[in-house]
Amino acid sequence: MIVEAKAISKSFPGVRSLDRVDFSVSAGEVRALVGENGAGKSTLIKIISGAYVPDEGELHFDGGNVKWSSPHEAQAAGIHVIYQELVLFPEMTVAQNIFVNRQPRNSLRMIDYRAMKTRAKALLGDLGALIDVNEKIKRLSVANRQMVEIARALDSDAKLIVFDEPTAVLGGHEVELLFAIIRGLKQRGVAIVFISHRLDEIFEIADSATVLKDGKLVGSVPIAAVDRNKLVAMMIGRNLADIYPPKAQEGEVGEVVVDAKDIVVGARVKGVSFEARKGEVLGVAGMVGAGRTELAHAVFGSLPLDCGSIRLVGQAVPKPSPTRSIAAGLGFLTEDRKGEGLFMLLDLAANVTAPVLETVGESIWLDRGAEKDIAQKQIRDYAIAATGPQASVANLSGGNQQKVLLGRWVISSRTALILDEPTRGVDVGAKVEIYRIIRQLARRGLAIIVISSELPEIVGLCDRVVVLCEGRKTGELAGQEVTENAVLQLAVAGRDAMSAGRSA
Amino acid sequence: MSAVTSDPPRTAARQAIRQMPVSLLVVLGLIVLLLAIGVIASPRFASLNNFRNIFQQSAALGFVSLGQTIVVLTGGIDLSVGAMISLTSNFTSGWIDGDPNMVVPVVVGVIALGAAIGCVNGALSHYLRVHPLIVTLGMAAILQGCTLLYSLAPVGKVTDDFEAFAYGRIFGLSYGGLAMLALFALVGVFLHRTRTGNAIYVVGGDARGARLLGISVAWTMMLAYAMSGACAALTAVYLVSRMGSGDPWRGDGFDLASITPVVVGGTALSGGRGGPLGTLLGVYLISLLNNILNFMDVSTFYQWIVQGLIIITAVAIHVEKGRRA
Amino acid sequence: MSEPVSGELPTDRAASSFPTGQLLSKYGLLGFLVANALVVSVLSPAFLKPENIANVLTQAAPLGIVVLGQTFVLLVGGVDLSVASVMATSAVIATGFAATDNRMVPVIFAAAIGLGLVVGLVNGFLVAKRNVSPFLATLATTIVLQGLRFLYTQGSTGSTLPSAFALMGAGRFIGVPVNLIALVVLAAIFGFVLLVSKYGRKIYLVGNNVRGAILVGLPTDRIIIGCYALCSVIAAIAGLFLVGYVGQVDQWTGKGYELDSIVAAVMGGVAITGGRGNVFGALLGVVVLVVMFNAVILLGLPVQVQLILKGVIVIAASAFYLSGSWERT
């Protein structure tokens, strides 16, 4: 065993984050760490990697008892965590990033750039990643940036690598690449901890799983010994009959609400047309980089349209803008919660009422009482774990933050709602609730557009699916046609020879 | 966009030019433009003597702007340089007071003082978690107060050969100007080729990330501000050499004046991007500008306006779509 | 330290905010002010004399007015370095009419407000539409205004003003300084607007997250430009009060007001990165500064000490009040 944690406990003001948890992972093993948001996965990892000190319990690493004094010390010993928020420096090159704290030096103690680049090339080559070491990070795709972080971990002779939700920002094809790398690491004897909410990925890559719930250890099992339902039952303490609510029936779908024709946005969207109808959930599928988010922004009006036309609720919109879209009853839950969605210094109530501010109170004065009521209702309806309307959103967990944003857009959307990766970083229990809300909204008469990189989600939730590939619409599926296979085929159709061999 | 095969062999020079950011080329272009204007403006402009003068006079702005560059690279700003110049120029002439034996110890001491105070700036900013803008503003008030406590009017005097720093020349180029060039080169190498120097870019890029990777943000900040303080002191020493005495108000205006070449030269106020080369070009650009305006007999008043417009222009060019200068 | 969130980087263990941060940040500055006032009045009873307090507040009023405007700009995520230049230019305009007739007062006001509008719109335009850093944009306008001003005055002083200005700037109304009344009225209006109106909330939204504000349909460009315009107009008005107080305008008019206004606001809890704080805190910052200046004089300390104390207080107050707000690490 490379790492063994025994009876680890950790508390924060008001919260017992971990309660006598045991955890272990061996060399060459891929152990999945699963549990709902708030189950304690993050805390456990931070303790193992030296970012936190446990209140009780012991940590063993590579045979010896250890007490890390800093993450850096743990890193030096060979423990690396690759967070979703990558620790990279956009203005520096790939080579510089890999060695950003350990630059090779020549005999004069000056940085040896040639050695740096050579070693960087070798590391990336080992991983099978074709990345130019002289390229600045800011020009790299998210998947490639992840590669750079992995390369950095490899160079420091990592013994344990923790992947914290690595696939949340990757598309299907890139996930396969990552898994290939993880298998390679396994063979080299590296211990891997894999945190993810995507159950099918866990079943594909992990050897074993440890399940946490509310800070306690539910159990550690080999993957072969469980199936999806059992795992989910362990995670949320009850059986999950149906994750996805029933789809729309014939007659429940009405007229076209969002009509986009020949949308062109720079080089990202090359002439896409689609329609979204009242009462239906339309999925927009495709690989990361296919142009889905840009398409959504263009329809909403937050990205300039180079070409194309948009009609909302039958009216032509010559110059789309967020203001006009919101006035027409269209909402947009964006992908980037923190950067584009939340107002971190403001409270929950302010975040919820932001798009509909004008309606909170009669005149130019803001009716704080009314605002509080609105927020209170959201908290109740969506079971948001917060102290009240005046809670600071910065302190909420990712899933709860997502619920706040969802609540915001549910209030303000009357005709249509675009959701970009609505369940990213959200645990299974909350996902089910969100799916329920989405279907409820559709039934209430809205047109719902869901952008998602999770195939099971697209297939389980959506009535119809539009598939994009590299900026073009490669197909549309409806009803029984909507299967994971069909979507995947369309998502990679027409790509270059590199990916031709990877059909599902 | 993501995968590129390994690059074909290139000559070092071609690669260097290819990697040179657009901003530097822009400043170079502006310099060339100004040279052209200067030649048209006056026949005396294009003389060797005039260029030597520009070279000499740029040293004052040069030293302090170099220090400011380092601080801005970490994502901060040093608004105490003006007061620091006042303080150190006052102390320099006050402590030397005509005694040739005191010259070296005082100069060394004063630069060390600048470094020490700068170090305090960095420490306060980091440990108290107060924005450097506020910390250095506060420090500026403290320093100015201390200077005035020491003397309200120019005090002391320097030895005759103290002038050498500013006025002495070798091969027609002033010592001061050469020293400035040398220091820029040294700092450039330091920033690019040493781990400690590189850390300045790293901290400026993402301080939180730097911390996680074991780079001490505290030490890096203190170093950056210490260097800025030392550079400000150097400017003061140079100015004392040029004017013959110190002055408790000598540094007035240098805070904002030292930022202009930095920004014009392409170093971003947000940190992590840019470098001393851009600032050097910025310093020459501004010195050139002042020189031409003098030749055109433009009243000082217009010079202000033109400087302001230059800032706007250079900044507007540096800014890419959606990015801040 | 809050519970960690999955997928996020750990915050540094060692870096925690001051333990007393919460309590201090709410009442710290006020408490400090009260303590200061107590100490000073013990050491120098002259401090609490109504005449002294009235004097102190009269001197502080122009800064207070400027700070009101600066707060708006800071809240929306910017800074305005041109306020001092606008004040001075406004003062120059006032004397430039070379009028002593009080009927010219509305004209002068209109001209000053017009100046403020133009400068503010330029600043706002550069920042919002051309993406120039506020620091640089307002620095550039400062310099340009300075040049224009010197060109007009050629360095000489102007002192021809309608008599109403003296009343405005230095006069009393039932014993209370007129400019203080103006400050209080303006503060009440703007403070109220910020806290209770929808427009005020929009300003906080924009200051918090511009991109997010766009995506909830707010006209962010207009809001930002509006704040800069408001700031410059207020600065122009402050300039009129200042010239009324001093009685003349010279090359030193308004000097230092830009940095002082930023410092006072920040001391009072207005985050320099935007989205947090209000005018009342900012004014508190002004009062602290001004009381401290006054204390130094009353206690017979040399003027230089004023400067040193100012520096120390600025750093200390910002540290306490804003503990943990500059999230560099």
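Procedures and definitions
Residues numbered from 1 in each chain as written. Chains lettered and ligands numbered in written order. Predicted model: local features only at pLDDT ≥ 70, side-chain atom pairs only at ≥ 80, totals over all residues. Helix = DSSP H or I, 4+ residues; strand = E, 2+ residues; numbered from the N terminus. Buried ≥ 20, exposed ≤ 12 C-beta atoms within 10 Å, placed from the backbone. Contact = placed C-beta atoms within 7 Å. Core = buried A, V, L, I, M, F, W, Y, C linked by C-beta atoms within 7 Å. Expected span 1.5 Å × (residues − 1). Pairing = 2+ DSSP bridges. Axes fitted to C-alpha atoms, helices over the stretch in contact; angles between N-to-C directions. Nonpolar A, V, L, I, M, F, W, Y, C, P; charged D, E, K, R; others polar. pLDDT = per-residue confidence, 0-100. Left-handed = near helix turned anticlockwise from the far one by under 90°. Parallel < 35°, antiparallel > 145°, perpendicular 65-115°, else oblique.

**Q** What exactly am I supposed to notice about the overall build of chain C here?
**A** For chain C, the helix and strand inventory stands at 13 helices and two strands. A burial count over chain C gives 57% of its 329 residues as buried.

**Q** I'm lost on the overall build of chain B in this one. Help?
**A** Scanning chain B for helices and strands turns up 14 helices and two strands. Split into buried and exposed, the 325 residues of chain B put 55% on the buried side. Of the contacts made within chain B by residues no fewer than 6 positions apart, 79% connect residues no fewer than 24 positions apart.

**Q** Would you mind showing me how to read the nonpolar core here?
**A** In terms of nonpolar packing, the biggest core is built from 374 residues, with I448(A), I449(A) and M87(C) touching the most fellow members. It is helix α10 (residues 220-246) of chain C that contributes the most residues to this core, 19 residues altogether. Residues within four places of M87(C) in sequence aside, it is in contact with V66(C), A235(C), A238(C), G239(C), L242(C), T253(C), G254(C) and Y257(C).

**Q** Even after reading the chapter, I still don't get helix α7 (residues 178-196) of chain C, so can you show me in this structure?
**A** An α-helix turns once every 3.6 residues. As a result, residues three or four positions apart point the same way. In this model α7(C) runs 27 Å from its N-terminal to its C-terminal C-alpha over 19 residues, within 8% of the 27 Å that 1.5 Å per residue would give. If you check which residues of α7(C) are buried, you get V178(C), N179(C), L180(C), A182(C), L183(C) and L194(C).

**Q** Quick question: what am I supposed to make of the sheet that holds strand β9 (residues 208-213) of chain A here?
**A** Hydrogen bonding along the main chain pairs the strands of a sheet, whether they run parallel or antiparallel. All names here are of chain A. Here we have six strands laid out as an open sheet, ordered β6-β7-β8-β3-β9-β10, and mixed in their pairing. The outermost strands of the open sheet, each flanked by one partner alone, are β6 (79-82) and β10 (216-222). Shown here is a sheet whose adjacent strand axes are inclined to one another by a mean of 15°, direction ignored. Bridge count between strand β3 (residues 30-34) and strand β8 (residues 191-195): four bridges; the pairing is parallel. For V30, the partnering residue across the bridge sits in β8 and is I192.

**Q** Before we go on, may I ask you to explain the interface of chain C and chain A in this structure?
**A** Buried accessible area, meaning the area lost when the parts come together, often serves as the stated size of an interface. Taken together, the contact pairs 30 residues of chain C with 43 residues of chain A. Elements represented by at least two residues in the side of chain C that touches chain A include exactly α8 (198-208) and α9 (210-215) of chain C. Here the side of chain C that touches chain A is built from residues that sort into 13 nonpolar, nine polar and eight charged.

**Q** Would you mind going over the confidence of the model for chain B with me for this structure?
**A** Caution is warranted with low-pLDDT regions, since their predicted coordinates should not be read in detail. All names here are of chain B. Per-residue confidence for chain B gives a mean pLDDT of 84; residues scoring 70 or more make up 88%. In this model, residues 1-13 is a region of pLDDT below 50 whose contacts with residues beyond four sequence positions or in other chains number 15 contacts. Low pLDDT (under 50) marks residues 320-325, which in the prediction has 15 contacts with non-local residues, meaning those over four places away or in another chain.

**Q** Looking at this structure, how should I read the sheet that holds strand β14 (residues 307-312) of chain A?
**A** All names here are of chain A. One open sheet holds the four strands; their spatial order is β12-β11-β14-β15, and the pairing between them is antiparallel. The sheet terminates laterally at β12 (269-277) and β15 (315-316), the two strands that pair on one side only. For strand β11 (residues 256-265) and β14, the ladder comprises five bridges, and the chain directions are antiparallel. From the neighbouring strand, V264 faces β14, where its bridge partner is C307.

**Q** Hey, could you run me through the packing of helix α4 (residues 105-128) of chain C against α10(C) in this one?
**A** The relative placement of two packed helices is expressed as an angle between their axes plus a distance between the axes. Residue and element names in this part refer to chain C. Orientation of α4 relative to α10, taken along the N-to-C sense of each, is 145°, at an axis distance of 7 Å. Pair α4 / α10 crosses with right-handed handedness. Of the residues contributing to the contact of α4 with α10, the split by class is 21 nonpolar, six polar and one charged.

**Q** Looking at this structure, how should I read unusual backbone geometry?
**A** Only a minority of non-glycine residues have a phi that is not negative, and only a minority of peptide bonds are not trans. Residue and element names in this part refer to chain A. Despite not being glycine, A7 shows a phi value in the positive range, around 50°. Assignment of secondary structure puts A7 in strand β1 (residues 3-12). Given 14 C-beta atoms within a 10 Å radius, A7 is considered partly exposed. With phi around 55°, D62 is a residue other than glycine that occupies positive phi space. Looking at the secondary structure, you find D62 in the loop between β4 (56-61) and β5 (64-66).

**Q** Whenever I open this one, the pairing of β11(A) confuses me. Can you help?
**A** In the case of a regular strand, side chains alternate between the two sheet surfaces. All names here are of chain A. Pairing geometry for β11 and β12, over seven bridges, is antiparallel. When the bridges of β12 are listed, V258 appears paired with A276. Counting the residues in the hairpin turn of β11 and β12 gives three residues, including G266, whose phi is positive at 50°.

**Q** Explain the pairing of β10(A) to me, please; I cannot follow it from the model alone.
**A** Residues and elements named next belong to chain A. In this structure, β9 lies alongside β10, joined through six bridges in antiparallel fashion. If you follow A209 over to β10, its bridge partner there is V221. Hairpin remark: β9 followed by β10, antiparallel, with two residues in the connecting loop; positive phi at D214, about 50°.

**Q** Mind showing me how you'd approach helix α9 (residues 292-300) of chain A here?
**A** All names here are of chain A. Judged by how many residues are buried, α9 sits mostly within the fold: nine of nine residues are covered. Within the span of α9, buried status applies to R292, T293, E294, L295, A296, H297, A298, V299 and F300. Two residues or fewer past α9, G301 is found with a positive phi of approximately 105°.

**Q** What is the right way to read the packing of helix α4 (residues 113-127) of chain A against helix α5 (residues 142-155) of chain A from this model?
**A** All names here are of chain A. In the contact formed by α4 and α5, the axes pass within 9 Å of each other and the chain directions differ by 110°. The orientation of α4 relative to α5 falls into the category roughly perpendicular. Between α4 and α5, the residues in contact are R119, L123, L124, D126 and L127 and M147, I150, A151, L154 and D155, respectively. The residue makeup of the contact of α4 with α5, split by class, is seven nonpolar, no polar and three charged.

**Q** Help me understand the confidence of the model for chain C in this model?
**A** All names here are of chain C. Per-residue pLDDT for chain C averages 83, and the proportion of residues at 70 or more is 89%. Below pLDDT 50 for its whole length, residues 1-8 participates in 30 contacts with residues either more than four positions away or in separate chains. Below a pLDDT of 50 lies the segment residues 10-24, which in the model reaches 18 contacts outside its immediate sequence neighbourhood of four places, other chains included. Both scores are given for the predicted complex: the pTM is 0.83, the ipTM 0.82.

**Q** Would you mind going over the environment of A238(C) with me for this structure?
**A** All names here are of chain C. Residue placement: A238 occurs in helix α10. As a C-alpha pair, A238 and G254 span 16 residues in sequence and 9.6 Å in three-dimensional space. What A238 contacts, discounting residues up to four positions off in sequence, is P62, I65, V66 and M87.

**Q** Just checking my understanding: could you explain the environment of G268(C) for this structure?
**A** Residues and elements named next belong to chain C. Its location among the elements puts G268 in the loop between α11 (257-267) and α12 (279-298). Residue classification places G268 among the buried residues on the basis of 28 C-beta atoms within 10 Å. Counting along the chain gives 147 residues from G268 to L121, while the straight-line C-alpha distance between them is 27 Å.

**Q** Where do I start with the environment of G67(B) in this structure?
**A** Residues and elements named next belong to chain B. Mapped onto the elements, G67 comes out in helix α3 (residues 48-73). Each C-alpha atom, one on G67 and one on G168, is 24 Å from the other, the two residues being 101 residues apart in sequence. Sequence-distant contacts of G67, defined by excluding residues within four places in its chain, comprise D78, V81, M227, S228, A230, C231 and A232.

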